[in-house]
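# Architecture at a glance
Take a look at the letters that make up each chain.
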Amino acid sequence: MTKKVLFTVTSHGELGNTGKPTGYYLSEVTHPWSVVSRFFEIDVVSPKGGKPPVDGFDLTDPINKKYWEDPAWQKKMDNTLTPAQVDPSAYAAIFYAGGHGAMWDFPDDKGLAAIAEAIYRNGGIVSAVCHGPAGLVNLKREDGKYLVDGRNFVCFTNEEETLNGTEHIVPFMLQTALEGRGGIFKGGKPWSDTVVADGRLLTGQNPMSALSLGKKLAELLQKA
């Protein structure tokens, strides 16, 4: 049986102390899904399981609208797995979707980290877009080094965070944190469609990069 792809979304729904909601960014799930699902079955996990909070809710986006109104997709998203329910050996790749919520619960979730590290050890791909790379901050390779150490990567940039007015709201600056783990930042201009592949590490910069990341992930998986 062909291995599956594991999409990962945040369970965190509060934007710091602002009183504003956040969650996973809808198009950062639907856009990659629209490509990857043509070739692979997708499961969805979140730190707490169940129905995750959603942000970037834009149904004028035709891909968002297609999936949001699809009962089968909605059922899967309303019933996300917990990390304890996931068998890493079933997956060829893990994908961390963004949305600001990921900044609070992805980095220190040991269950998600164990899954991602196992998939990588098994020869699989670790991928993430926008704030999804928050899930990479504490990931380690078998040699004990951080997964991003010496690897090219991109994420929601410090410049984009500042332009977005959220640089003092997020618990840390993602670009800075990953650079601090030894990652080599390869960001594009603000809001550009930028995807960086370095071996079995695949990252995208922002929501505008989500579809391109999905295409690249599908391409890499079909070559594997």
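Structure shown above.
Residues numbered from 1 in each chain as written. Predicted model: local features only at pLDDT ≥ 70, side-chain atom pairs only at ≥ 80, totals over all residues. Heavy atoms only, no water.

Attention now moves to the packing of helix H1 (residues 26–36) against helix H8 (residues 210–223). A pair of packed helices is captured by two measures, namely the crossing angle of their axes and the spacing between those axes. Axis separation between H1 and H8 bottoms out at 8 Å; the angle between their running directions is 35°. For the element pair H1 and H8, the recorded crossing hand is right-handed. Together, Ser 27, Glu 28, His 31, Pro 32, Ser 34, Val 35 and Val 36 of H1 and Ala 210, Leu 211, Gly 214, Lys 215, Leu 217 and Ala 218 of H8 make up the contact between the two elements. For the contact of H1 with H8, a count of residues per class yields seven nonpolar, four polar and two charged. (Axes fitted to C-alpha atoms, helices over the stretch in contact; angles between N-to-C directions. Helix = DSSP H or I, 4+ residues; strand = E, 2+ residues; numbered from the N terminus. Left-handed = near helix turned anticlockwise from the far one by under 90°. Contact = heavy atoms within 4.5 Å. Nonpolar A, V, L, I, M, F, W, Y, C, P; charged D, E, K, R; others polar.)

For the pair H1 and helix H3 (residues 71–78), the least separation of the axes is 14 Å and the interaxial angle reads 125°. Between H1 and H3, the angle is such that the two are oblique. Between H1 and H3 lies a crossing of right-handed hand. The residues of H3 that touch H1, namely those facing Leu 26, Val 29, Thr 30 and Trp 33, are Trp 73, Lys 76 and Met 77. Grouping the constituent residues of the contact of H1 with H3 by class yields five nonpolar, one polar and one charged. (Parallel < 35°, antiparallel > 145°, perpendicular 65-115°, else oblique.)

This part is about the sheet that holds strand S10 (residues 201–204). Sheet architecture is open: six strands sit in the order S3-S1-S5-S6-S10-S9, paired in mixed fashion. With one partner strand each, in any of the chains shown, strand S3 (42–45) and strand S9 (195–198) form the two edges of the open sheet. In this sheet, neighbouring strand axes are inclined to one another by 15° on average, regardless of whether the strands run parallel or antiparallel. Bridge analysis of strand S6 (residues 125–129) against S10 gives four bridges, and the strand direction is parallel. (Pairing = 2+ DSSP bridges.)

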